[in-house]
Amino acid sequence: MAHKVRSSAAVSGTALLLAAAGFGLAPAASAEEPQPPVLAVDTAAPAEVGLAGLPVDFTTTVSNTGTTDASSARLTYRIDGGAGLPPNAVGLEYRLGGTEWKTVPLTYAGGTFSGEMPETFPLAAGRSRTVELRVGVPMGTPHNGDSNGGTEQLKLTTLVSYGASGAATDTDDGTIEVDGLGTGLSGVPATVTAGGPAVGFRATVTNPTASGYENVTDTLITSRYASVQVLRSGTWQTLTPVTSDAEADVYGFDVIGKDASLAAHGSTVAKVRVSYREDTPVGKTTVRSCVFVNQGSVPFSGTTFCGKEATLTVLAAGSTGGAPTPTPTAPATRTPSATTAPSASPSPSTDAPSATSGTTSGTSGASSQLAETGSDGTSTIAAVAGAFVLAGAGALGFVALRRRRTRA
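Here the structure is a predicted model, which means the values were calculated and not measured.

**A word on the overall build of the protein**
Argument step 1. On a plain count of helices and strands, the protein comes out with one helix and 30 strands.
Argument step 2. Counting all 408 residues of the protein, 50% fall into the buried class.
Argument step 3. Put simply, 76% of the contacts in the protein that link residues at least 6 apart link residues at least 24 apart.
Argument step 4. Accessible surface, the protein: about 17,000 Å² in total, of which carbon and sulfur atoms supply 52%.

This is the structure in C-alpha cells:
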C-alpha cells in the first residue's frame, strides 16, 4: 500500500514547506469575522505504476468540515520523481463527472511536476466530493519512447484551497512505487553446432505492475550469424532480423511481434529456436532478451528493459559434441542482481551484446545499465541519480530497473 502522511494548516512544519514552495496557508479567522470554509483532502494514491506503462486510476476526496459553504474548491498536485526523470515522464489526468478524461497541465522543474486541476467546484458545509484521477510515467509518447532516466518512486502531494487566493487549507502526501517490465530466457542450451540443427528455448516477458502496456516489442539480441524462428499458431516462422547501422554485427529478432500489448500483472511466453551459419566462428556467443516500449522507426530505441545474458558455445561445423545441455538460465528477470551486474563505465560499455567478430566473451549475469537512445539512434553517456545508471554501445542501449522490493 502507498505510504500516506496527512497534514493540515495547523502544523507549523507544513506551513514552512508550503511557503517555501510558493503555496500560502489560508489565514485563520478571528472570532468576530465570518468563519471560512474548512476543507480537508484525502488522496488514495495508487500503490504502484509501471515505467513507460499506461496510467493507473486513483481518487481524491475533498470534504468541507466547516459551517460555511465553499464557492470554489481547488486542487493542486505536486509529483516529485527525482532528478532522473525527463520533462516528458509524468502524466496526470482527471475526471470530474462525465466520462471524458482531461489533462492536468504540469510544469517541470528539478525533477518535480506541479499543476492545478483546471476545474473548480462548489462544496457545501458538511459535504464531500470525490474526483477521479489517473497518473502514469509514460517516458515519452507512442512510438517515441525516452530511455533517458527513470525513478523508483513518485512522491505525490495534493493541496486543496478555495476562492481565488490559492491558499492551501490542507495537504495530503503519498508515495507511489515505480516498477517496470521483466524479460528473460529459459532453457538456453550450453552448445550449438555451426551449420547444425537449431536449438530451442523460451523467451518470457512479465509485467509485475498495475499499469497495462502498449507498443511492447520483445527482441532477441544475438549475432549476425544467427537465424531465428518462433512458434506461432503451431507453425515455426522464420523472423526477419532487425539491424542498426551503428551495430552492424548485432541482429535483433522480434519474437512476440512489434507493438504488442501486455495487461497489468500479465505475461507472455514465446517458444524460440536459433541456428547459426556454418561459417560462424567457433567459441562463445550470447543471446539476450530486451523489451522496447514505444519503439519508433529507429531499431533498438525507446524505453528499454533487458534481461540476463545467456552464453552458448559454438562448436565447429560437423562436430558431434552430443546433445546440447540446457544452461541454468532463469525465466523472465524482474530484478537484475546488482551483485552480478557489470559496473557502469563513463565510456561506452562493452557489456552490451556486440558481435563485431561474430562471437562475444559472454558475461552471464544481469546488466544494471541503461543507454540514452534518442530518436536519431545515437547514444550518449550520462549518469542519472535514482534507480538507473546510463551507459551504451553505439545505438544499442540496455536498461535494467533495480527494484526496491521483491514481489511474491
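**Quick notes on the side chain of Thr-169**
Argument step 1. Mapped onto the elements of the fold, Thr-169 is located in strand β15 (residues 168-179).
Argument step 2. For Thr-169, the side chain forms a polar contact with the main-chain oxygen of Leu-39, separated by 3.1 Å.

**Some thoughts on the pattern of salt bridges**
Argument step 1. This model, assessed by the stated rule, comprises six salt bridges.
Argument step 2. The partner of Arg-224 in a salt bridge is Asp-249, with the nearest N and O atoms 2.7 Å apart. Of the two residues, Arg-224 is situated in the loop between β19 (213-223) and β20 (226-232) and Asp-249 in strand β23 (residues 247-254); the sequence distance between them amounts to 25 residues.
Argument step 3. One salt bridge connects Asp-279 with Arg-277, and the closest N-O pair in it is separated by 2.9 Å.
Argument step 4. Judged by its relative accessible area of 46%, Asp-279 is partly exposed.
Argument step 5. Overall, Arg-277 belongs to the partly exposed group, its relative accessible area being 38%.

**Digging into the sheet that holds strand β18 (residues 199-206)**
Argument step 1. Ordered in space as β16-β18-β25-β20-β21, the five strands form an open sheet in which the pairing is antiparallel. The sheet terminates laterally at β16 (182-186) and β21 (235-238), the two strands that pair on one side only. Strand-to-strand, the axes of this sheet are offset by a mean angle of 30 degrees, without reference to chain direction.
Argument step 2. Sheet topology note: the β16/β18 ladder contains five bridges and is antiparallel. Across the sheet, residue Ser-186 finds its bridge partner in β18, namely Arg-202.

**As for the environment of Leu-154**
Argument step 1. Its place among the elements puts Leu-154 in strand β14 (residues 153-162).
Argument step 2. You can call Leu-154 buried: its relative accessible area is 0%.
Argument step 3. Distance from Leu-154 to Arg-78, taken between C-alpha atoms, is 9.7 Å for residues 76 residues apart in sequence.
Argument step 4. What Leu-154 contacts, discounting residues up to four positions off in sequence, is Ile-79, Asp-80, Gly-81, Leu-85, Val-90, Val-137, Gly-174, Thr-175, Ile-176 and Val-178.

**Quick word on the state of the cysteines**
Argument step 1. If you walk through the whole model with that rule in mind, you get one disulfide.
Argument step 2. Between Cys-290 and Cys-306 runs a disulfide, and the two sulfur atoms are separated by 1.9 Å. Linking Cys-290 and Cys-306, the disulfide has an S-S dihedral of approximately 110 degrees and is accordingly described as right-handed. Residue Cys-290 is located in strand β26 (residues 283-293), and its partner Cys-306 is located in strand β27 (residues 303-306); the two are separated by 16 residues in the primary sequence.
Argument step 3. On the basis of relative accessible area, Cys-290 is assigned to the buried category, the value being 0%.

**Things to note about the sheet that holds strand β11 (residues 128-136)**
Argument step 1. One open sheet accounts for five strands, arranged β2-β4-β11-β6-β7; its pairing is antiparallel. Either end of the sheet is taken by a strand with one partner, and the two such strands are β2 (39-44) and β7 (102-103).
Argument step 2. Pairing geometry for strand β6 (residues 91-95) and β11, over five bridges, is antiparallel. Paired with Gly-91 across the strands is Gly-136, a residue of β11.

**Thoughts on the environment of Val-293**
Argument step 1. Looking at where Val-293 falls in the secondary structure, it is placed in strand β26.
Argument step 2. Val-293 gets classed as buried once you look at its relative accessible area, which sits at 0%.
Argument step 3. Linking Val-293 and Thr-304, residues 11 residues apart in sequence, is a C-alpha distance of 6.4 Å.
Argument step 4. Residue contacts for Val-293: discarding those within four places in its chain leaves Ala-52, Gly-145, Leu-181, Tyr-213, Glu-214, Asn-215, Gly-302, Thr-303 and Phe-305.

**A word on the pairing of β18**
Argument step 1. Burial of β18 is extensive: six of the eight residues sit out of reach of the surface.
Argument step 2. Relative to strand β25 (residues 267-276), β18 runs antiparallel, the two being bridged by eight bridges. Paired with Val-199 across the two strands is Val-274, which belongs to β25.

Parameters at a glance
- Residues numbered from 1 in each chain as written.
- Predicted model: local features only at pLDDT ≥ 70, side-chain atom pairs only at ≥ 80, totals over all residues.
- Heavy atoms only, no water.
- Helix = DSSP H or I, 4+ residues; strand = E, 2+ residues; numbered from the N terminus.
- Buried < 20%, exposed > 50% of the residue type's maximum accessible area, 1.4 Å probe, protein only.
- Contact = heavy atoms within 4.5 Å.
- Areas by Shrake-Rupley, 256 points an atom, 1.4 Å probe, with all protein chains shown as cover.
- Polar contact = N/O pair within 3.5 Å; in protein donor to acceptor, adjacent residues only side chain to side chain.
- Salt bridge = Lys/Arg side-chain N within 4 Å of Asp/Glu carboxyl O.
- Pairing = 2+ DSSP bridges.
- Axes fitted to C-alpha atoms, helices over the stretch in contact; angles between N-to-C directions.
- Disulfide = S-S within 2.5 Å.

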